[in-house]
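# Per-entry structural report
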Amino acid sequence: MGGQKFQYDESGGTFFYFLLSFLLLILLPATLYYWPRKKKQDPEQETRECQCNLCWVLLILLAYKVSQFDYEMANFDPYEILGIQPGASQAEVKKAYRKLSVILHPDKETGNEKEFMKLTKAYQALTDEEARKNWEKYGNPDGPGAMSFGIALPSWIVEKENSVWVLGLYALVFMVALPIVVGTWWYRSIRFSGDQVLLDTTHMYYGFFHKTPHMMLKRVIMILAASLEFDRRFNSEIVERQSDNEEVPQLIKTIGNLNEKNKERPLCFMYSIKARALLHAHLSRIPLNPLTLELDRRYIVGKCPYLIQEQVNCVSQLIVLAYARRIQRCPTIDTIENCMKLSPMLVQGLWDLKSPFLQLPHIHEGNLKYFTSKKRQIKSLQQFAQLKGDERRSILSGLTDDEYLNVMKVLGSMPYVDFQVKYEVMDDENPTEVTTGAIVTVTVTLIRRDMSSLFGDETIEDKNIVNENNADGDTKEGSDGEADLPSAKRPVWKKQRKAGGKKSNKKVKQKSTVKHKAEESPAPVKIKNVKEEKSKDDDSDLSDSSGSDVNESNDLSEDEVKNSSVEDEDQEWEKLQQKLHKREKVLEGRSKLSHTVHCPFYPYDKQEYWWIYVCDRKSKTLMTSPYHLTSLVDREECQLKFTAPNWKGTYTLTVCLRSDSYLGFHQQKDIKLDVKEAPKRVSESEDSDDEGPAEDNAHESDYTTDEDLPEDDD
């Protein structure tokens, strides 16, 4: 191909191939992307979406043009071109050629260069013996067509008389249109964060949450309604009507206590007051004008889940900055939890103090009295699902059979999550021992099932009843589970250290250490060091029988060490495989498909998402940033990491699970951390041969604290 000369398309046929391919590459993905999938569709959104009908019409016309071009080139029949019957004599061929050549010759007024070339080829195919053989064999009088390369653009582009227009078109496209398109896209993209929230809205959130560290729920609603996404100056999709001047004041009077006279900016702006009134009307389920305010309510409520997630992120970042002493005020755990509470409230269209049974279809305020009686007090959806079928039907006896089946269908699709928690110190020889300043990893395992699996099963304890107002962190579900530890007590050796001698303290500590390490499958070196410590602390005069007992115990310990080392290798291999599996899931990306939420008052389809975080209820502080889980289909596992306190003692922390779609599905579990003082590192100078005490300390464990070491007698 070194000597190949590329030429422009003279006939213009291949240019249509280029247009057809280019248009198909753009049109097919765009059609698949904009194809309607959602059941709940915004009526106004259809007018804003791309209309591909005109593009498909253009594609069909190009395909027809290309097919016609192929037909002309493929069907070459010299008899048809000359207008004679197949098998005509040479005289008839010459006569027909002379007659048509006078008409089609390019020098004549009726001439056509393209048709004249076809006429010449047809005449040669019937008069020249070699051309006739080529036509009969290859369908072309010129013989087999050779492969050629060219540029699929018409030749008039490079003609001299059209050069000015072509250069002008290039300048218009690449120097004017393209910079305008890229600049417009860049200007719009830099105004939004990664979650498509305006950066100005994020800055406003930071300012208000820093100004009010402890923010009540109604204040959070005011901040949410002041988002700049609802201001027409920042969002062209917002519609302002003349009727708002009459309908919005009437709605404010109907709601009452809206604090519309607040003078803070932008809380006092009209768009903020209107959005606040619509959010209150949505939570109170007040019917609105379907042609005006109802359309605005649907748009505003549809934006809220993304804005609430941005609020949670802002409060979490402020808490991190407060811990780093970058800001003075630290938001409390109540502030971030009020933001999380607001999400299921808006999805379900209910206030937080309303009954969770109102999330079910056909259930209204009049039906709630049947859930409470002298015999039973049903407070949660899980308790209602665990009742027997006859009892459930008797409670909802006022509903028809179809309505009752619809209620049970929705209830059965709601989530029942098995919430399991455990913690450990990663990359440590003793992962169950927490020292001051250590990085604690909390592993949360969530197993989701439908609520229909609980129908009639009264043996399962309700995990969704949580007293969120309890400041001490006590929960009604108790603190049972893998994360629980025995009641934390002060170590025995610390109590005896002041009353008794040093040797007895050391013996007591060593016995407890040996028992603990035998249960935790320690490394062989550690057990050997402990035994050598014990042998040095015992009396030097031992009987032969005692010596034989020690040998037997050493033999047994060696067997246990071998077995424990094999188990440790298996555990390490399993941990490695789990890490690789988690890394693969991270590389695949976070899915946002889980289960569809029953939310008739929310304008769009909603997926189940969850927040997971660790907090301290007593000090009302957040220990980890909330993890937003968006892919809980059957089973998911996530890890939360935080730094252990810098002071030794027993701490009670709470691991919380919150739904962003349903009310009454909050769970929490307590974990108790027995934080011990971190061991000091042994310096290399203590290993010298000149110092005698260094030999005794050489067998001390790496995790021995300062109080374990013997004190020097002054």
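Residues numbered from 1 in each chain as written. Predicted model: local features only at pLDDT ≥ 70, side-chain atom pairs only at ≥ 80, totals over all residues. Heavy atoms only, no water.

### A look at the sheet that holds strand β3 (residues 415–425)
Pairing is antiparallel in the open sheet, where three strands are placed in the order β3-β5-β9. Sheet topology places β3 and β9 (635–643) at the edges, where each strand pairs with a single neighbour. For this sheet, the mean inter-axis angle between neighbouring strands, taken without regard to orientation, is 20 degrees. Bridge analysis of β3 against strand β5 (residues 439–450) gives eleven bridges, and the strand direction is antiparallel. Following the sheet pairing, Phe 419 is matched in β5 by Leu 446. (Pairing = 2+ DSSP bridges. Helix = DSSP H or I, 4+ residues; strand = E, 2+ residues; numbered from the N terminus. Axes fitted to C-alpha atoms, helices over the stretch in contact; angles between N-to-C directions.)

### Describing the pattern of salt bridges
Evaluated as defined, the whole model comprises 16 salt bridges. Arg 658 is paired through a salt bridge with Glu 337; the nearest N and O atoms lie 3.8 Å apart. One end of the pair, Arg 658, is in strand β10 (residues 649–659); the other, Glu 337, is in helix α14 (residues 333–348), and 321 residues separate them in sequence. Judged by its relative accessible area of 5%, Arg 658 is buried. Take Glu 337: its relative accessible area is 3%, and that puts it in the buried class. (Salt bridge = Lys/Arg side-chain N within 4 Å of Asp/Glu carboxyl O. Buried < 20%, exposed > 50% of the residue type's maximum accessible area, 1.4 Å probe, protein only.)

### Observations regarding the packing of aromatic side chains
Going through the model one piece at a time under the given rule, you end up with ten aromatic pairs. Between Tyr 662 and Phe 665 the ring centres are 5.4 Å apart and the planes differ by 45 degrees, which places this aromatic pair in the tilted class. Relative accessible area serves as the criterion here: at 3%, Tyr 662 is assigned to the buried category. By way of ring pairs, the aromatic residues Phe 357, Phe 371 and Phe 384 are connected into one cluster. The ring centre of Phe 455 lies 4.7 Å from the NZ or CZ of Arg 392, which sits over that ring. The aromatic ring of Tyr 404 is capped on one face by Arg 393, whose charged end is 4.7 Å from the ring centroid. (Phe/Tyr/Trp six-rings, centres within 6.5 Å; stacked < 30°, edge-to-face > 60°. Lys NZ or Arg CZ within 6 Å of the ring centre and 35° of its normal.)

### As for the confidence of the model for the protein chain
For any part of a model where pLDDT is low, the fine detail of the predicted coordinates should not be relied upon. Here the protein chain shows a mean pLDDT of 75. Residues at 70 or above account for 67%. Across residues 39–49 the pLDDT falls below 50, and counting only partners more than four positions away or on other chains, this stretch makes 18 contacts in the model. Note that pLDDT drops below 50 for residues 684–714; the model gives that stretch 38 contacts with residues more than four away or on any other chain. (pLDDT = per-residue confidence, 0-100. Contact = heavy atoms within 4.5 Å.)

### A closer look at unusual backbone geometry
Here Arg 265 and Pro 266 are connected by a cis peptide whose omega angle stands at 0 degrees. Within the secondary structure, Pro 266 is located in the loop between α11 (244–255) and α12 (270–283). You will see that Asn 257, though not glycine, has its phi angle at about 55 degrees, which is positive.

### Thoughts on helix α9 (residues 199–211)
Over its 13 residues, α9 runs 18 Å from end to end, which matches the ideal 18 Å to within 8%, given 1.5 Å per residue. If you check which residues of α9 are buried, you get Thr 201, Thr 202, Met 204, Tyr 205, Phe 208 and Phe 209. In an axial view of α9, the angular spread of the buried residues amounts to 160 degrees, which keeps them on one side of the axis. Those residues of α9 hidden inside the fold are in contact with α10 (217–225), α13 (293–323) and α14. (Expected span 1.5 Å × (residues − 1). Arc of directions from axis to C-beta.)

### Describing the side chain of Lys 274
Locating Lys 274 in the fold gives a position in helix α12. The class for Lys 274 is buried, based on a relative accessible area of 13%. Apart from the residues within four sequence positions on either side, Lys 274 is in contact with Val 239, Arg 241, Asp 244, Val 248, Leu 293 and Asp 296.

### Considerations on the side chain of Arg 219
With respect to the helices and strands, Arg 219 occurs in helix α10. Note on Arg 219: relative accessible area 17%, which makes it buried. In terms of polar contacts, Arg 219 uses its side chain to reach the side chain of Glu 264, at 2.8 Å. In this structure, Arg 219 is in contact with Phe 208, Thr 212, Asn 262, Glu 264 and Leu 267, ignoring residues within four places of it in sequence. (Polar contact = N/O pair within 3.5 Å; in protein donor to acceptor, adjacent residues only side chain to side chain.)

### A short note on α10
With eight of nine residues buried, α10 lies mostly within the body of the structure. Along α10, the positions that sit buried rather than exposed are Leu 217, Arg 219, Val 220, Ile 221, Met 222, Ile 223, Leu 224 and Ala 225. Those residues of α10 that are buried are in contact with α9, α12, α13 and α14.

### Remarks on the nonpolar core
Leu 224, Leu 279, Leu 342, Phe 384, Leu 396, Leu 411 and Met 414 are the most contacted members of the largest nonpolar core, which totals 89 residues. Among the elements that make up this core, the one with the highest residue count is α13 (twelve residues). Leave out the neighbours within four places in its chain, and Leu 411 touches Leu 360, Leu 381, Phe 384, Ala 385, Met 451 and Phe 455. Counting residues in each nonpolar core, the second largest holds 26 residues, with Leu 446, Val 614, Phe 642 and Leu 657 among its members. (Core = buried A, V, L, I, M, F, W, Y, C linked by side-chain atoms within 4.5 Å.)

### A look at the environment of Pro 106
Relative to the helices and strands, Pro 106 is located in the loop between α5 (90–104) and α6 (113–127). Of the residues examined, Pro 106 reaches a relative accessible area of 40% and is grouped as partly exposed. Note: C-alpha distance between Pro 106 and Phe 116 (ten residues apart in sequence) is 7.4 Å. Contacts of Pro 106, omitting those with residues within four sequence positions, involve Gly 111, Glu 113 and Phe 116.

### Notes on the pairing of strand β6 (residues 610–616)
Burial of β6 is extensive: seven of the seven residues sit out of reach of the surface. Taking every second residue as pointing to the same face, both faces of β6 are buried, with Trp 610, Ile 612, Val 614 and Asp 616 on one and Trp 611, Tyr 613 and Cys 615 on the other. Both β6 and β10 contribute to a ladder of six bridges, which runs antiparallel. Bridging from a neighbouring strand, Trp 611 pairs with Arg 658 of β10. The pairing of β6 with strand β7 (residues 621–622) spans two bridges and is classified as antiparallel.

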